[in-house]
Amino acid sequence: MKKLRKFDIFSLRLRLTVGIAVFSALILGSLAIWTSWRMQKILIDSHKHNIQQIVDRLPHDVQLYSQMMQPETGVQKAINNLANTNTLLWLKSANNKILIKSANLDLLSDSTLAELMSLSNMSIKPQVYQINKNHFVLSGGALQVQGKLLGTLFIVQDITNEQTMFVVMLRSLSIASILAIIIITVVIAFYIHRSLQPLRQLSQMTALISIEDLGKAQLYLDNAPSEVKELAQTLTMLLSRLSQSWEQERQFVSNVSHELRTPLTIVHGYLQSVLRRQNNLTEIQIEALETASSEAEHTIRLLQDLLDLARADSGYLRFQMKFHVLNDVVEEVVAMAAKYSDRYITIESTTYPIEVKIDYNRFKQVLLNLIDNAVKYSAANTPVILKLDQFHDKVVIQVCDQGYGIPLQHQARIFERFYRVDESRSPATGGSGLGLSIVKTLVEGMKGNVTVQSKLDEGSIFTISLLNN
């Protein structure tokens, strides 16, 4: 089952999807707002046109009827002819008194009629007014017949049905816009996901490349965009240059270590020979020679470690794997370590014999490095404990101390080369930073692994796991 990807708010996919979704929302939202405004304007303009036709026709009708009857009766007749179910008319005098009104005006409710009358007292601009859930377009202007001002004519058209349809259409348009944005976002998210797939494949391919694979790595993607193919080619060339640089550095370290080890061994031998014949030497000379011998020995061990690491990197570090009784090997190493450490070192084991396939000398080197590490980083009055245990498919060796502990942020890096938790320590007290790296390299060369658990001021436990078959 595929592991669910962790939601990353800073991912390129999310940024592109949100950006396009927001852009689509702005475009479609602006289009919907403009469409609704335009439709409302068309609706009002249409009714304004109808009202204007009535305004233009009414004086002619009034004049025609006034020739056949009394002027007021003619105006009433003309207004009634132009009025219908949705069109209401009335004529007001200069003192806001209603002179004539269409018959259908009495069909309105008192509250609606009162609201319309209050609107007619203001400066009227043709637009939509909502009164008691009804919608009206109201317009007014002076009515003149043969140059004589009869009063102010008000024309009202009931557009409730049209406005209701407009609101329904607007709501449908809004829902359609939202659905369109959602669909566009989903489609774009899927498209972006597919488009970024080559980059994810490239990332997965580079994540699997180890130091040994640098020179052989070939990054190529089929059916990928040309930009991604160019990136893959660039990364391939970069990996090739890194491989060459790594090989040159490894060869340099190996050559230097090999060239320096022999003369230093000779120098160390001469120093030891002189120290054995120290009858003619002063105390200061003896102290200087002992210091020089100690430093030469330390440098030789450092060079040997570097040679081992260089051989391991090149694949030339050979292991003589044979079955040995682990209990006996550990007892031998503890006896060796106790001579130069003056520390109480114990072995805890409930099983004997425990047989394991190891390189005898390499394994002794691993245990000596771990014991030396435990001695250096724990108080003189605390013991070092080696625990041995056997399971059905593996053997576990633990080197435990009650020392200062390793901070959590350093535990993941202590097996790196030249890495030291306390940089202020001198090589004499803190080592060269290669001991644990050598341990990891040798243990892994014997098909095992090494881990660490540590708490500040409580101590550390280094655990070696080896296959017992």
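Further up the page is the structure itself.
Along each chain, numbering runs from 1 in the same order as the chain's sequence is written. Reporting of local features is limited, given that this is a predicted model, to residues whose pLDDT is at least 70; pairs of side-chain atoms are given and counted only at 80 or more, and all residues count toward the totals for whole chains, interfaces and linings. Excluding hydrogens and water, the side-chain values take into account all heavy atoms of the structure.

Section: the overall build of the protein
Right, on to step 1. When helices and strands are tallied, the protein shows twelve helices and twelve strands.
Right, on to step 2. Using a 1.4 Å probe on the protein chains alone, a residue whose accessible area is under 20% of its type maximum counts as buried, one over 50% counts as exposed, and one in between counts as partly exposed. With 469 residues in all, the protein has 36% of them scored as buried.
Right, on to step 3. A fraction of 63% describes how many contacts in the protein between residues 6 or more apart in sequence connect residues 24 or more apart.
Right, on to step 4. Here the accessible surface of atoms and residues is derived via Shrake-Rupley with a 1.4 Å probe, and residues count as covered only by protein chains that are part of the display. On the protein, roughly 29,100 Å² of surface is accessible, and the fraction owed to carbon and sulfur atoms is 57%. The helix and strand labels rest on DSSP assignments: H or I over at least four residues marks a helix, E over at least two residues marks a strand, and numbering proceeds from the N terminus. Residues are treated as being in contact if the distance between any of their heavy atoms lies within 4.5 Å.

Observations concerning the pairing of strand 10 (residues 394-401)
Right, on to step 1. Buried residues dominate strand 10, accounting for six of its eight residues.
Right, on to step 2. In short, DSSP must find at least two bridges between two strands for them to pair. Judged from the seven bridges that link them, strand 9 (residues 384-390) and strand 10 form a sheet pairing that is antiparallel. What sits directly across from Val384, in strand 10, is Asp401.
Right, on to step 3. Counted between consecutive antiparallel strands, the loop separating strand 9 from strand 10 contains three residues.
Right, on to step 4. In this structure, strand 10 lies alongside strand 12 (residues 459-467), joined through seven bridges in antiparallel fashion.

Focus: the sheet that holds strand 10
Right, on to step 1. Here five strands make up an open sheet; going across it, the order is 7-9-10-12-11 and the pairing mixed. Two strands lie at the open edges of the sheet, namely strand 7 (345-349) and strand 11 (449-455), each paired on one side alone. Neighbour to neighbour, the strand axes of the sheet diverge by 15 degrees on average, direction disregarded.
Right, on to step 2. Interaxial angle, 0 to 180 degrees, is taken between N-to-C directions of lines fitted to C-alpha atoms, where a helix line uses only the stretch in contact. The strands that helix 8 (residues 326-341) touches are strand 7, strand 9 and strand 10; relative to strand 7, the one it contacts most, it runs at about 165 degrees.
Right, on to step 3. Along the sheet, helix 12 (residues 435-445) contacts strand 11 and strand 12; its crossing angle with strand 11, the most-contacted strand, is approximately 140 degrees.

Side note on the pairing of strand 2 (residues 98-101)
Right, on to step 1. Direction of pairing for strand 1 (residues 87-92) relative to strand 2: antiparallel, over a ladder of three bridges. Residue pairing in the sheet places Leu91 in a bridge with Ile100 of strand 2.
Right, on to step 2. Between strand 1 and the antiparallel strand that follows it, strand 2, lie five residues; Asn96 among them carries a positive phi value of about 60 degrees.

So, the side chain of Asp401
Right, on to step 1. Take Asp401: it is sitting in strand 10.
Right, on to step 2. Neither His nor the chain ends is counted toward charge; the positive residues are Lys and Arg and the negative residues Asp and Glu. When a carboxyl oxygen of Asp or Glu lies within 4 Å of a side-chain nitrogen of Lys or Arg, that pair is called a salt bridge. Look at Asp401: it is buried, it has no salt bridge, and the nearest opposite charge is Arg343 at 7.7 Å.
Right, on to step 3. Polar contacts here mean pairs of N or O atoms no more than 3.5 Å apart (in protein, one a potential hydrogen donor and the other a potential acceptor; neighbouring residues in sequence count only if both atoms are side-chain atoms). There is a polar contact of 2.9 Å between the side chain of Asp401 and the backbone nitrogen of Gly403.
Right, on to step 4. With sequence-adjacent residues up to four places away left out, Asp401 is seen in contact with Ala374, Ser378, Pro383, Glu458, Gly459 and Ser460.

Remarks on the environment of Ala224
Right, on to step 1. In this fold, Ala224 is placed in the loop between helix 5 (197-207) and helix 6 (226-276).
Right, on to step 2. Residue class for Ala224 comes out buried when judged on its relative accessible area of 11%.
Right, on to step 3. Taking the C-alpha atoms as reference, Ala224 lies 8.7 Å from Ser195; in sequence the two are 29 residues apart.
Right, on to step 4. Residues in contact with Ala224, not counting those within four places in the same chain, are Pro198 and Lys229.

Remember that the coordinates give geometry; whether it matters functionally is a separate question.
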